[in-house]
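# Examining the three-dimensional arrangement
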Amino acid sequence: MRDCYFRHNESVIQPEAAGCLLFPRAAAGVLHAPTSPVPKVFGARVPREAILGPTFYSDFFLPFRRNMNQKILKLENLLRFHTICRQLHSLYQRRMLAQWRHVFSSAYPVWTAQLYAQPWQSDALIRAALSQHRLLVTKKEKKSQKSQLSSTKSKKEVEVWIGMTVEELARAMEKDIDCVYESLLNTAIDIDSLEAHSHLDEVWIKEVIKKSGMKLKWSKLKQDKVRENKDAVKRPQADPALLIPRSPVVTIMGHVDHGKTTLLDKLRKTQVAAMEAGGITQHIGAFLVSLPSGEKITFLDTPGHAAFSAMRARGAQVTDIIILVVAADDGVMRQTVESIQHARDAQVPIVLAINKCDKAEADPEKVKKELLAYDVVCEDYGGDVQAVHVSALTGDNMMALAEATIALAEMLELKADPTGPVEGTVIESFTDKGRGPVTTAIIQRGTLRKGCILVAGKSWAKVRLMFDENDKAINEACPSMPVGIIGWRVLPSAGDEILEVESEARAREVVHWRKYEQEQEKNKEDLELIEEKRKEHQEAHRKAREKYGTLHWKERSFIKYKIKKQQQPLKPKEKAGGDSNVLPIIIKGDVDGSVEAILNIMDTYDASHECELELVHFGVGDISENDVNLAETFHGVIYGFNVNAGNVIQQLAAKKGVEIKLHKIIYRLIEDLQEQLSSRLPCIVEEHTIGEASILATFSITEGKKKVPVAGCRVQKGQLEKQKKFKLIRNGHVIWKGSLISLKHHKDDISVIKTGMDCGLSLDEEKIEFKVGDDIVCYEEKEVLAKTSWDPGF
């Protein structure tokens, strides 16, 4: 092969470097100037595209020169090279044929022989080049297929699910946690805030799997199976033909001390109000009252105190009629308005009982006018609310109130289905020493008998005994009848719905389902809270990184060291001092509603910045040894409401240093709690003024080598005592506080200067300058107990 070459513009391209086909210079005759845009073949201008092809020069030849080893093995370029070679071969044959014909006509046999031999040589060269390239292409294809197969076989399938943590993802990939962190480098996620238990979003899970060279597969196995609902539900509405008339359930509501219980006593002819602590109702009571006319009414007596709002709301939800008691001498009060709102929320009609009309200052018309502001319009003013003027103390108009209630009940056409499974509502619940968990309930549907299996909330019962409001045992309870139920496994909460089920196994199944449902709801709330905290932490970390991003690493380390030093754990003495601002308490009540009321009051506590109120435990029943042990562990106080603490328990508490505080009136308990909180607060130092003096002249005296400023004063009020503390006031501002080093009357040192006397005094600080008109105040400091700022609202 000779030194054939192509020149194009300023660059020289040597076909030998690319394995291009070579033609003898004498035969090919390809030679042109460097600036010639098109090569010449045998003196004729032939387009370069006709020889090299339209894309050979730009798409194959130049890239091949830059990276010959990679580009030459590509399948597309090799096929293109094959086509170009074929085109070049056919073009060369046509040229040689034309030259042969021209030479044949002339007398040059030698030259003709040389030209005729050339096609065979070029064709052999082309076949050899193509065979070599086919071999390379075949090897490359086999190699690439093998690599693709091996890579496909090596890809591991990873099962993932939404919300998986970093640790779970690493375990699913069978890799270390650091592999997950490395895959998330240089992404928008903050690596420093990620922990092993941090949840990853879908986009980051995909990113990790992609960078790890694995295959993604969404798994449904990690999602909890949807469990079948095993809850007990109410029956559908009964056939109207099966309904029979029932007694009305009437709730007496109103403000505290407006005479609700006394009014009920007159209807029942009992003395309930006289037996109640403090003269106020603190429980919700259910009573069946038989009227002289033969009708029966179930009365619910709710507490009127502000602390028992939840009890009043519960009473309004299970009642048919509300008797709103308002004192004629007191008018509409806070709990009166709240009772109206409860009635409106429950869509229950109202009968107005204006009580204490026997008093001289009673004004029933004023009460009716005040109620107009709350959309309670009496019949006298064109409304539909019956108003009855009564006196619970003397019994006036009691029968008129009962008749008004019966008339309204007849208009409502109250009916119920006495057959089928029982449905009802827990009015109150408590623990009795001899009988265990006990509930007071109102039956709303069906007939309750001994042996019935009941479910209420997360508790169930097999009815062992039933009794009425007079503690008399009864065999069955019909709709609208209040009944006490014994046989509960666990004490249900007041307000829970009672449903009868067919067996104990079914009751356990229902309770288990309800507990599971509550647990799932709690887990969901916890997950939302964790996610919220994670985002807050991530945002705080991002801001910290922005803050320290421009600092040198030494400055950054120093700042972090100072922050860490400030967050060092407290010493034991400091911990003891810090715990004094926390009050752990244990609440025990006689019934579930009382405990609920106390807890609702505690929810209004808003002075945690002063002293933290920590509820350790609450429950129903008398104070036990476990309560004392718990209080000792947490250094807390036990509060009991209408419960007892036996002698053994009190001795144990005294031995362990645990305070037990028993109360029968709820607002006394809250007052005691406020005092206990106040005792945990640091004392406040108050200044009490003893005397005041004004400066009339200033001068200085020499003591040794020092000049001491002296103020000539006259006592204007009280007296000045040298042993007390003093302050200097100028233009209403305190410019000095401290003690005196001398107090003289004329030339005598004295300890007390009384009103109207002149004196000279000097301070314990020499740099203070006196001015005529300044005031000197003598005072003493006294520590006063602080009072909590918490206001429970009553």
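Residues numbered from 1 in each chain as written. Predicted model: local features only at pLDDT ≥ 70, side-chain atom pairs only at ≥ 80, totals over all residues. Heavy atoms only, no water.

## Remarks on the packing of helix H20 (residues 592-602) against helix H23 (residues 666-679)
Going by this rule: Every axis in this analysis is a line fitted to C-alpha atoms, fitted for helices over the stretch in contact. Angles between the N-to-C directions lie between 0 and 180 degrees. Helix and strand labels come from DSSP, where a helix needs a run of H or I of at least four residues and a strand needs a run of E of at least two; each type is numbered from the N terminus. Here is the rule for angles: anything less than 35 degrees is roughly parallel, anything more than 145 is roughly antiparallel, 65 through 115 is roughly perpendicular, and the remaining ranges are oblique. In this scheme the crossing of two helices becomes right-handed for a clockwise turn of the near helix relative to the far one and left-handed for an anticlockwise turn of less than a right angle. A contact between two residues is defined here by any heavy atoms of the two lying within 4.5 Å.
Direction vectors running N to C along H20 and H23 enclose 40 degrees, while the axes themselves pass 11 Å from each other. By the criterion of interaxial angle, the relationship of H20 to H23 is oblique. As for how H20 packs across H23, the hand of that crossing is right-handed. Packed against H20, whose contacting residues are Ala 597, Ile 598 and Ile 601, the element H23 presents Ile 666, Leu 669 and Ile 670 at the interface.

## Some thoughts on the packing of helix H21 (residues 625-634) against helix H22 (residues 647-656)
When two helices pack together, their arrangement is given by the angle between the helix axes and by the axis-to-axis distance. Where we set the bar: Under the convention adopted here, Pro, Cys and the residues Ala, Val, Leu, Ile, Met, Phe, Trp and Tyr are nonpolar, Asp, Glu, Lys and Arg are charged, and Gly plus all remaining residues are polar.
Two elements in contact, H21 and H22, have axes separated by 10 Å at closest approach and are oriented at 10 degrees. The orientation of H21 relative to H22 falls into the category roughly parallel. The handedness of the crossing between H21 and H22 comes out as right-handed. Listed contacts from H22 to Glu 625, Val 628, Asn 629 and Glu 632 of H21 are Ile 649, Leu 652, Ala 653 and Lys 656. When its residues are assigned to classes, the contact of H21 with H22 shows 4 nonpolar, 1 polar and 3 charged.

## A word on the pairing of strand E37 (residues 775-784)
Our working definition: DSSP bridges decide pairing: two strands pair if at least two such bridges lie between them.
Here strand E28 (residues 684-703) runs beside E37; their pairing, made up of 10 bridges, is antiparallel. Residue His 688 lies in a different strand from E37, and its bridge partner there is Glu 780. With 5 bridges joining them, strand E31 (residues 725-730) and E37 adopt antiparallel strand pairing. Looking at E37, one finds that Phe 726 is bridged to Cys 778.

## Observations concerning the packing of aromatic side chains
What counts is decided by this rule: Geometry of aromatic contacts follows a simple scheme: Phe, Tyr and Trp rings, the Trp one being its six-membered ring, pair when their centres are within 6.5 Å, and the pair is stacked under 30 degrees between planes, edge-to-face over 60, tilted otherwise. Per-residue accessibility, obtained with a 1.4 Å probe over protein chains only, is compared with the maximum for each type, and a residue is labelled buried under 20%, exposed over 50%, and partly exposed between these values.
Here the structure, examined in full by the defined rule, presents 2 aromatic pairs. Taken together, a centroid distance of 5.7 Å and an interplanar angle of 40 degrees make the contact between Trp 513 and Tyr 516 tilted. A residue pair is termed a helical-turn pair when its members lie 3 or 4 positions apart in one helix, as Trp 513 and Tyr 516 do in helix H17 (residues 504-548) at 3 residues. Note on Tyr 516: relative accessible area 18%, which makes it buried. Pairing Tyr 605 with Trp 790 gives two aromatic rings, centres 5.3 Å apart and planes at 80 degrees, and the pair type is edge-to-face.

## A word on the sheet that holds strand E29 (residues 706-718)
An order of E32-E31-E37-E28-E29-E36-E33-E34 is seen for the 8 strands of this open sheet, with the pairing classed as antiparallel. Strands with a single pairing partner mark the edges of an open sheet, and in this sheet they are strand E32 (733-738) and strand E34 (748-749).

## Let's talk about unusual backbone geometry
If you check the backbone angles, Asn 642 has positive phi at about 60 degrees while not being a glycine. Mapped onto the secondary structure, Asn 642 falls in the loop between strand E26 (637-641) and H22. Although it is not a glycine, His 746 sits at a positive phi angle of roughly 60 degrees. For His 746, the location among the structural elements is in the loop between strand E33 (740-745) and E34. Looking at His 746, the relative accessible area reads 71%, which means it is exposed.

Distances and angles like these do not, on their own, reveal function.
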